[in-house]
Amino acid sequence: MSTGTPRLAVLVKGWPRLSETFIAQELVALEDAGHDFDIWSLRYPTDTKRHPLHEQLKARVRYLPEYLHEDPDRVWAARAVAGTLPGYPEAYRVWRADLARDVSQNRIRRFGQACVLAAELPDSVHGLYAHFLHTPSSVTRYAAIMLGLPWSFSAHAKDIWTSPDWELREKLDPTTHGASFGATCTAYGAAHLRQLARDPDRIDLVYHGLDLSRFPPPADREVRSVNAPLHMLSVGRLVEKKGFDRLIEAFSLLPADLDWRWTHIGGGELKSAFSAKAEDAGLSDRISWLGACDQPEVIDAMRKADLFVLPSRIASDGDRDGLPNVLMEAASQKLPILSTPVAAIPEFIETGSHGLLSKDEPAALADAIALMARNPVVAADMADAAYARLVREFTMPPGIKRLSQRLDTMCQSRLSRVG
């Protein structure tokens, strides 16, 4: 290991990412709480823009080899150093057992990245913390075993619902080099992980919440006239679990006398397919695809829209949302919300009180849009209620306080063992 000063190493899959403002928000808050850490990213950035939050972060960002063959000298040098570490034989045994159940290039890459992390981590580091329970936590776990360090994780959505149970159980079990603790951002996800954990108390429910100091106060909105055009907005990646394909189908079912348009913000692998779907349906002249935007641009779009729509659903591979932060961002601007009762969304939006939750089928979505369009006063009242709940129950400080305590305890445990 090299010399340095940070007490904590934070592992992320990629940095920075526009779609992961919840991570940037958390890390800025942890720095403000006094935590000193480096960020270790498994991938280089692909977004051309950055959020203002990314510029606020003082932590040094270091990149592990994204593909091992692209930096063989660094990988082999790290492998030689890692092989001298006391925990390397056990880490290798654990990895081989994992590889036998998951024969993949990704699994091989995880171990190579773990060797680089273990070889290059500063001596001052007393604990590791990974965002996402799948690949980043695997790299973190292997390196932690090599170094004899405690590790922890924050789990979100895809990592919980698409990882095999055997792997989750072992990452949660102290007898199989599991995490010291795990945080997850929904009660829905926490319940699932606690069912798999040997010690359920290792799993903390820590809502991301919003740092409302980063957002302008909601504008004084005039209640939309029933006959006025309806401007809908969605923010989210163009992937199956977000349900935008079904939303496009729903648009074709809207009443002919409803004057509407839809703006979408976000990138994603299905952009071409969804754009073609809208073209085939004859809807392209009503739709604007803005691509990835930074947070000020997103908030500006929210302040101009009449209805926020997020038609989340469970994807064919089991992937699903947790509690999307974008719903809270919409609430911060008193933008009426239409979503679905998938995963943890009902933990924030109680249908009929804070917004409307529809089935994720096109006909149901179309009916819900029409209902919100015909009842703008009710929609505005629900938006007021969602804002009040956000301020009352979903601000950031309580979660950061709990997470900060957990990280301090983890790092202190290392000091106690050394002492």
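Look up a bit, the structure's there.
Residues numbered from 1 in each chain as written. Predicted model: local features only at pLDDT ≥ 70, side-chain atom pairs only at ≥ 80, totals over all residues. Heavy atoms only, no water.

**Re the overall build of the protein chain**
In terms of helices and strands, the protein chain carries 16 helices and 13 strands. Relative to the 2.2 N^0.38 estimate, which gives 22 Å for 419 residues, the radius of gyration of the protein chain is 23 Å and therefore close to what a compact globule would have. Expressed as lengths along the three principal axes of its C-alpha atoms, the size of the protein chain is roughly 75 × 40 × 40 Å. Counting only residues that meet the buried cut, the protein chain has 57% of its 419 residues in that class. Across the protein chain, the fraction of contacts at a sequence separation of at least 24, relative to all contacts at a separation of at least 6, is 76%. Carbon and sulfur atoms form 50% of the exposed surface of the protein chain, whose accessible area is close to 17300 Å². The distance from the centre of the 49 positive side-chain charges to the centre of the 54 negative ones in the protein chain is 4 Å. (Helix = DSSP H or I, 4+ residues; strand = E, 2+ residues; numbered from the N terminus. Rg over C-alpha atoms; globule rule 2.2 N^0.38 Å. Buried < 20%, exposed > 50% of the residue type's maximum accessible area, 1.4 Å probe, protein only. Contact = heavy atoms within 4.5 Å. Areas by Shrake-Rupley, 256 points an atom, 1.4 Å probe, with all protein chains shown as cover. Lys, Arg positive; Asp, Glu negative; His and termini not counted. Charge placed at Lys NZ, Arg CZ, Asp CG, Glu CD.)

**Structural notes on helix H10 (residues 244-251)**
Three or four residues apart is the spacing at which side chains of an α-helix point the same way, because the helix has 3.6 residues per turn. The buried fraction of H10 amounts to six of the eight residues, a majority that puts the element mostly inside the structure. Among all positions in H10, only Phe244, Asp245, Leu247, Ile248, Ala250 and Phe251 are buried. Buried residues belonging to H10 abut strand E8 (230-235), strand E9 (260-265), helix H11 (271-280), strand E10 (287-291), strand E11 (307-309) and helix H14 (362-374).

**Brief notes about the packing of aromatic side chains**
How two aromatic rings sit relative to each other is set out by the distance from centre to centre and by the angle between their planes. Here the structure, examined in full by the defined rule, presents 15 aromatic pairs. Ring geometry for Tyr88 against Tyr92: centres 6.1 Å apart, planes inclined by 25 degrees, an arrangement best described as stacked. On the criterion of helical spacing, the pair formed by Tyr88 and Tyr92 is a turn pair, its members being four residues apart in helix H4 (residues 88-101). Its relative accessible area of 8% is what places Tyr88 among the buried residues. By relative accessible area, Tyr92 is classed as partly exposed at 34%. Through successive ring pairs, a cluster of aromatic residues spans Tyr88, Tyr92, Trp95, Phe111 and Tyr142. Of note, Arg320 hangs over the ring of Trp161, and the distance from its end group to the ring centre comes to 4.2 Å. (Phe/Tyr/Trp six-rings, centres within 6.5 Å; stacked < 30°, edge-to-face > 60°. Lys NZ or Arg CZ within 6 Å of the ring centre and 35° of its normal.)

**Some points on the side chain of Glu329**
With respect to the helices and strands, the residue Glu329 is situated in helix H13 (residues 325-332). We note that Glu329 is buried and unpaired, the nearest opposite charge coming from Arg214 at a distance of 5.5 Å. In terms of polar contacts, Glu329 uses its side chain to reach the side chain of Gln295, at 3.0 Å. (Salt bridge = Lys/Arg side-chain N within 4 Å of Asp/Glu carboxyl O. Polar contact = N/O pair within 3.5 Å; in protein donor to acceptor, adjacent residues only side chain to side chain.)

**Considerations on the sheet that holds E10**
Judged by pairing direction, the sheet is parallel, and its six strands sit side by side in the order E10-E9-E8-E11-E12-E13 without closing on themselves. Only two strands of the sheet have a single neighbouring strand rather than two, namely E10 and strand E13 (356-357). In this structure, E11 lies alongside strand E12 (residues 337-339), joined through two bridges in parallel fashion. Among the inter-strand pairings, Phe308 is bridged to a residue of E12, identified as Ile337. Lying on the sheet, H10 is in contact with E8, E9, E10 and E11; it crosses E9 at an angle near 170 degrees. Contacts from helix H12 (residues 295-304) reach E8, E9 and E11 within the one sheet, and its direction differs from that of E8 by about 155 degrees. (Pairing = 2+ DSSP bridges. Axes fitted to C-alpha atoms, helices over the stretch in contact; angles between N-to-C directions.)

**Looking at unusual backbone geometry**
Omega for the peptide link from Trp15 to Pro16 comes to -10 degrees, which places this bond in the cis form. Structurally, Pro16 can be placed in the loop between strand E1 (8-14) and helix H1 (21-32). Positive phi is not limited to glycine here, since Phe132 has a value of about 90 degrees. Mapped onto the secondary structure, Phe132 falls in the loop between strand E4 (127-131) and helix H6 (135-147). On the basis of relative accessible area, Phe132 is assigned to the buried category, the value being 11%.

**Brief notes about empty space enclosed by the protein**
One pass over the full model with this rule turns up one cavity of 30 Å³ or more. The space that makes up the largest cavity amounts to roughly 110 Å³. Among the residues forming the lining of the largest cavity, the class breakdown is 10 nonpolar, six polar and one charged. (1 Å grid on protein atoms, 1.4 Å probe; cavity = no way out; pocket = protein on both sides within 12 Å on 5 of 7 lines; lining within 4 Å. Points joined across faces, edges and corners; volume = space filled by probe spheres on them. Nonpolar A, V, L, I, M, F, W, Y, C, P; charged D, E, K, R; others polar.)

**Topic: the packing of helix H3 (residues 72-82) against helix H5 (residues 105-120)**
Between two packed helices, both the angle of their axes relative to each other and the distance between the axes serve to describe the pair. In contact at an axis separation of 8 Å, H3 and H5 are set at 65 degrees when each is read in the N-to-C sense. The angle between the axes of H3 and H5 places the two elements in the roughly perpendicular class. Judged by the twist between their axes, the crossing of H3 over H5 is left-handed. On the side of H3, the interface is formed by Arg74, Val75, Ala78, Arg79, Val81 and Ala82, while H5 contributes Cys115, Val116, Ala119 and Glu120. (Parallel < 35°, antiparallel > 145°, perpendicular 65-115°, else oblique. Left-handed = near helix turned anticlockwise from the far one by under 90°.)

**Quick word on the nonpolar core**
Of all hydrophobic cores here, the largest spans 57 residues; its most connected members are Met232, Phe251, Trp260 and Phe308. Here the element with the most residues in this core is H14; it accounts for six residues. Counting residues in hydrophobic clusters, the runner-up holds 47 residues, among them Ala78, Ala114, Leu117 and Ala130. (Core = buried A, V, L, I, M, F, W, Y, C linked by side-chain atoms within 4.5 Å.)

**Section: the pattern of salt bridges**
Throughout the structure, instances matching the rule amount to 29 salt bridges. Its salt-bridge partner being Glu90, residue Arg93 comes within 2.6 Å of it at the nearest N-O pair. Linking Arg93 with Glu90, this pair stays in helix H4, spanning three residues, or about one helical turn. The salt bridge partner of Asp199 is Arg202, with a shortest N-O separation of 3.9 Å. Residue Asp199 is classed as partly exposed on the basis of its relative accessible area of 31%.

This is a description of form; function is not addressed.
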